[in-house]
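# Residue-level structure breakdown
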Amino acid sequence: MHAWVVTGGESPEPGLLGELAHPQLVVAADSGADIAAGLGLVPDVVVGDFDSVTPAGAAAAGEQRRYPTDKDATDLALALAEARNRGAESLSVVGGSGGRLDHFLANVAVLGADAMASVRVDALMGSARLWVVRRRETIHGPVGGLVTLLASGGPAIAVHTTGLRWALAGETLEAGSSRGVSNVFAAPEATVSLESGVILAIRP
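The text that follows walks through the structure, step by step, so that each part is easy to find. (Residues numbered from 1 in each chain as written. Predicted model: local features only at pLDDT ≥ 70, side-chain atom pairs only at ≥ 80, totals over all residues. Heavy atoms only, no water.)

## Some points on the overall build of the protein
For the record, the criterion: Secondary structure is summarised from DSSP: a helix means a run of H or I of at least four residues, a strand means a run of E of at least two, and numbering begins at the N terminus for each. Each radius of gyration is computed over the set of C-alpha atoms, and the globule rule expresses the reference value as 2.2 Å times the number of residues to the power 0.38. Each residue gets one of three labels from its accessible area relative to the maximum for its type: buried under 20%, exposed over 50%, partly exposed in between, using a 1.4 Å probe on protein chains only. Only heavy atoms matter for contacts: two residues are in contact if any of them lie within 4.5 Å across the pair. The accessible surface values rely on the Shrake-Rupley method and a 1.4 Å probe; as for residues, cover is taken only from the protein chains in view.
In terms of regular secondary structure, the protein is built from four helices and 14 strands. Taking 204 residues into account, the globule formula puts the C-alpha radius of gyration at 17 Å, and the protein, at 17 Å, falls close to it. Looking at the protein as a whole, 51% of its 204 residues qualify as buried. Taking the contacts inside the protein whose residues are at least 6 apart along the sequence as the reference set, 60% of them involve residues at least 24 apart. Total accessible area on the protein stands at roughly 9200 Å², and carbon and sulfur atoms take up 53% of it.

## What to know about the sheet that holds strand β5 (residues 90-94)
Applied cut-off: Note on pairing: two strands pair once DSSP finds at least 2 bridges between them. To get an axis, fit a line to the C-alpha atoms, keeping to the stretch in contact for a helix; angles then go from 0 to 180 degrees between the N-to-C directions.
One open sheet holds the 10 strands; their spatial order is β4-β3-β2-β1-β5-β6-β7-β14-β9-β12, and the pairing between them is mixed. Edge positions in the open sheet fall to β4 (64-66) and β12 (183-184), since each of these has one partner strand only. With respect to the sheet, helix α3 (residues 75-85) is in contact with β1 (2-6), β2 (25-29), β3 (45-48), β4 and β5, its orientation differing from that of β2 by roughly 160°. In this fold helix α4 (residues 101-111) packs onto β5, β6 (120-125), β7 (128-133) and β14 (199-203), with an angle of close to 155° to the strand it touches most, β6.

## What about the sheet that holds strand β13 (residues 189-193)?
Strands pair in a sheet through their backbones, by hydrogen bonds, and they do so in one of two ways: parallel or antiparallel. The four strands lie next to each other as β8-β13-β10-β11, forming an open sheet whose pairing is antiparallel. Only two strands of the sheet have a single partner each, and these edge strands are β8 (136-140) and β11 (169-173). On average, adjacent strands in this sheet sit at an angle of 30° to one another, irrespective of strand direction. Here β8 pairs with β13 via five bridges, running antiparallel. Residue pairing in the sheet places R136 in a bridge with S193 of β13.

## Observations concerning the side chain of T161
Turning to its location among the elements, T161 is positioned in strand β10 (residues 156-162). Residue T161 is classed as buried on the basis of its relative accessible area of 9%. Dropping the residues within four chain positions of it, T161 is found in contact with L149, W166, A167, L168, T191 and V192.

## Observations regarding the pattern of salt bridges
Let me state the cut-off plainly: Whenever Lys or Arg places a side-chain nitrogen within 4 Å of a carboxyl oxygen from Asp or Glu, that contact is recorded as a salt bridge.
Tallying each qualifying case throughout the model produces 11 salt bridges. D49 is the salt-bridge partner of K71, the closest N and O atoms lying 2.9 Å from each other. Pair noted here: K71 is in the loop between β4 and α3 and D49 is in the loop between β3 and α2 (55-60), with a separation of 22 residues, a long-range link. Relative accessible area serves as the criterion here: at 12%, D49 is assigned to the buried category. The salt bridge partner of D75 is K71, with a shortest N-O separation of 3.3 Å. For D75, a relative accessible area of 15% corresponds to the buried category. Shared partners join several salt bridges into a network, and the residues in it are E19, D122, R129 and R203.

## Observations concerning the pairing of β2
Cut-off, in case you're wondering: Whether a crossover is right-handed depends on one test, that the path from the first strand over the helix to the second runs clockwise when the strands point away from the viewer.
The buried fraction of β2 amounts to five of the five residues, a majority that puts the element mostly inside the structure. As judged from the four bridges shared by β1 and β2, these two strands associate in the parallel manner. Of the residues in β2, the one forming a bridge with V5 is V27. As paired elements, β2 and β3 share three bridges and run parallel to each other. Across the sheet, the residue bridging to A28 is V46, located in β3. One crossover worth recording links β2 to the parallel β3 by way of helix α1 (residues 32-38), and it is right-handed.

## Digging into α3
Counting buried residues in α3 gives eight out of 11 residues, a clear majority hidden from the surface. Of all the residues in α3, the buried ones are D75, L76, L78, A79, L80, A81, E82 and A83. Following α3 by one or two positions, G87 adopts a phi angle in the positive range, close to 100°.

Encoded structure:
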């Protein structure tokens, strides 16, 4: 089952939604319920502490899962767990860009976390597309368009790519390295694979 997890921040580019797999489940993270409504979506459940969602956005969801404001996880992390617990094998995060820098960085970091290892993850954040690569992923973009490969949480070992101008053939990308920034699509479809670690492939 594929899920969409809609979170707060800036609304994504509606014209790019067609790049995402169609959802069988829609989970909203707090004010993500309002983002969902703006995109014509009705969440199956809205999750969070309800400190930023409007009453109308919360009421439109099929179900509400409320958490205390004093909690140890962000609303997005709780919504991702909700999608996994409801049987999602893959998911697309919709939204999450803009606003507070700390929230944005946390939103991106949680996608590559060990807790998400059993789920295939991609995202549409504003106009940016993101794929979490744990073994192998096919990514798409216009020829000449940019794509950045960033190791997340530790080194990405034995990275191989096809369809990119600057190919990697078994190299290691270290976390914190800028080596993978601003590669270029040489074909509309590219692949990224690795033996161990996590890569965030980002089409800005």
